[in-house]
Amino acid sequence: AGALLAIIMVGAFFLGLRTGVVALIVIRPLCDPIFGEGKLEIAGQTITYGALINIAVIFALFCNFSQVWQSVPAKVRTIWLPFLILALAAVSYSPLPMEALRVYLTYFCFFVMFSFGFVVVRSERDFLYFLKLIILSSVLPVVYGLFQLAAGYDWYEGRIQSTFPHPNIFAFFIVMVIGTILFLQCTTRLKVSGRYRLILLVYLLPLLILLIFTKTRSAWIGCAIQFLVYGIVYDRKVLVLTLLAPFVLVAIPEVSDRLGDLSSGNDYIGGPGSNLNAYAWRMLLWENAFSYIWQRPVFGYGLDTFRLYSPQFFVLDHVNGNDAHSVYIKTIFEMGFVGLIGFCLIFCRI
């Protein structure tokens, strides 16, 4: 199944760049559980189907280079250059060169997909088409998520993850879809029918239900900010409902339990067995990471090294490696503060 989905997505690019991008948007959210089970052996190296898709995306860039070059404004192209150059340099001094190269190719794919948006969206009609496509890509993950919720099947430690490898990723996927729906509700620039707006409003209900059951607190905050902005700018009734919603949501056990977790386990008392909540655990991890960061603050330790070195500095786990759980800490650790500046420049320039 993984091979078939990979072949469809790769093959779509041979039918044109737009077709390939459409296939990626619709199919890729379904693939993580399947791709996790399948790998290819090429020249002694293990390549996942996800990596194969990344290679196809980069190959599509070079095959359509002139079109991409003409479509993407120069000032938009250059905002990625500092980060990509610094990340490539970080591959050279990483003690895990092959793993670092894989991470770099993933970063490069972010830039490629960002650029493809300028190529395939040439009019407001294209813009509306791809926004609808993004929403469509969520339908099957939402259906499977609702099945998980109803059947109590395939949960991730009591949380809904749908077709994604972790509930947090599914949660922010939902937040992205909700943001798209809110934009289509309030836009006057695009021609959206009243019937379609109504369908989108109804679709918000299962999205919000699943978002609650991902139990991802940071995604809840992100979603609340979206509704606050929507209410302030477009519809004051939504603003009132958003301000009242927390008082209703705390009556839901899944919400109250997740919020209640933060009321205990906030202090590290020493020893590897300290029972910290998720936030305090992260704060301790980041604090410990800086003991290493200050030793190489400029360029860091090289790409994909945080998990490698974390057993040496993290007091709660000297055996297993841990992820950074923060793109900022990860970037500082692996690429130094210079890398963090390059990363932040992308968003500042946009």
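See the structure shown above.
Criteria and thresholds
Residues numbered from 1 in each chain as written. Predicted model: local features only at pLDDT ≥ 70, side-chain atom pairs only at ≥ 80, totals over all residues. Heavy atoms only, no water. Helix = DSSP H or I, 4+ residues; strand = E, 2+ residues; numbered from the N terminus. Buried < 20%, exposed > 50% of the residue type's maximum accessible area, 1.4 Å probe, protein only. Axes fitted to C-alpha atoms, helices over the stretch in contact; angles between N-to-C directions. Parallel < 35°, antiparallel > 145°, perpendicular 65-115°, else oblique. Contact = heavy atoms within 4.5 Å. Nonpolar A, V, L, I, M, F, W, Y, C, P; charged D, E, K, R; others polar. Patch = residues over 30% accessible without salt bridge, like charges linked within 9 Å, V, L, I, M, F, W, Y side chains within 5 Å. Areas by Shrake-Rupley, 256 points an atom, 1.4 Å probe, with all protein chains shown as cover. Salt bridge = Lys/Arg side-chain N within 4 Å of Asp/Glu carboxyl O. Phe/Tyr/Trp six-rings, centres within 6.5 Å; stacked < 30°, edge-to-face > 60°. Lys NZ or Arg CZ within 6 Å of the ring centre and 35° of its normal. Polar contact = N/O pair within 3.5 Å; in protein donor to acceptor, adjacent residues only side chain to side chain.

1. Description of unusual backbone geometry
In the Ramachandran plot, Asp 154 falls in the positive-phi region, its phi being about 60° despite a non-glycine side chain. A positive phi angle, near 55°, is found at Ser 162, a position not held by glycine. As for its placement among the helices and strands, Ser 162 is situated in the loop between helix H10 (139-151) and helix H11 (167-186). With relative accessibility at 1%, the residue Ser 162 sits in the buried group.

2. A closer look at the packing of helix H1 (residues 2-13) against helix H4 (residues 49-63)
H4 packs onto H1 with a crossing angle of 5° between their chain directions and a minimal axis gap of 10 Å. When the axes of H1 and H4 are compared, the pair comes out roughly parallel. Across the interface between the two elements, Gly 2, Ala 3, Ala 6, Met 9, Val 10 and Phe 13 from H1 touch Tyr 49, Leu 52, Ile 53, Ala 56, Val 57 and Ala 60 from H4. In the contact of H1 with H4, the residues fall into 11 nonpolar, 1 polar and no charged.

3. Points about a nonpolar patch on the surface
A grouping of Ile 221, Ile 225, Val 229, Ile 232, Val 233 and Tyr 234 is seen on the molecular surface, where their side chains present a nonpolar patch of about 610 Å² in accessible area. Mapped onto the elements, Val 229 comes out in helix H13 (residues 217-233). Overall, the relative accessible area of 47% leaves Val 229 in the partly exposed class.

4. Topic: the environment of Arg 282
Following the sequence through the fold, Arg 282 ends up in helix H16 (residues 278-293). For the pair formed by Arg 282 and Ser 326, sequence separation is 44 residues and the distance between their alpha carbons is 8.8 Å. The contacts of Arg 282, once residues within four sequence positions are left out, are Asn 168 and His 325.

5. Observations regarding the packing of aromatic side chains
Following the criterion strictly, the structure yields 31 aromatic pairs and no others. Summarising the aromatic geometry, the rings of Phe 164 and Phe 170 are spaced 5.6 Å apart at their centres and angled 25° between planes, so their arrangement reads as stacked. Here the two residues Phe 164 and Phe 170 agree in accessibility, since each one is buried. Aromatic pair Phe 306 and Phe 313: ring centres 5.6 Å apart, planes at 75°, arrangement edge-to-face. On the basis of relative accessibility, which here comes to 6%, the residue Phe 313 falls in the buried class. Members of the aromatic cluster, connected to one another through ring pairs, are Trp 80, Tyr 104, Phe 108, Phe 111, Phe 114 and Phe 118. The aromatic ring of Trp 69 is capped on one face by Arg 77, whose charged end is 3.7 Å from the ring centroid. Above the face of the Tyr 196 ring, Lys 132 is positioned so that its terminal group lies 4.7 Å from the ring centre.

6. Quick word on the side chain of Ser 162
Polar contacts involving the side chain of Ser 162 include one to the main-chain carbonyl oxygen of Pro 141, which spans 2.5 Å. Non-local contacts of Ser 162, meaning those with residues more than four positions away in its chain, are made with Pro 141, Val 142, Tyr 144, Gly 145, Gln 148 and Phe 170.

7. Observations regarding the pattern of salt bridges
If you walk through the whole model with that rule in mind, you get 6 salt bridges. For Asp 235, the salt bridge is made with Lys 237, and the minimal N-O distance between the two is 3.4 Å. Judged by its relative accessible area of 18%, Asp 235 is buried. The salt bridge involving Glu 334 is made with Lys 330; its shortest N-O contact spans 2.9 Å. In this pair, Glu 334 and Lys 330 both sit in helix H18 (residues 327-349), 4 residues apart, roughly one turn of the helix. On the accessibility criterion, Glu 334 (2% relative accessible area) is buried. What makes Lys 330 partly exposed here is its relative accessible area of 23%.

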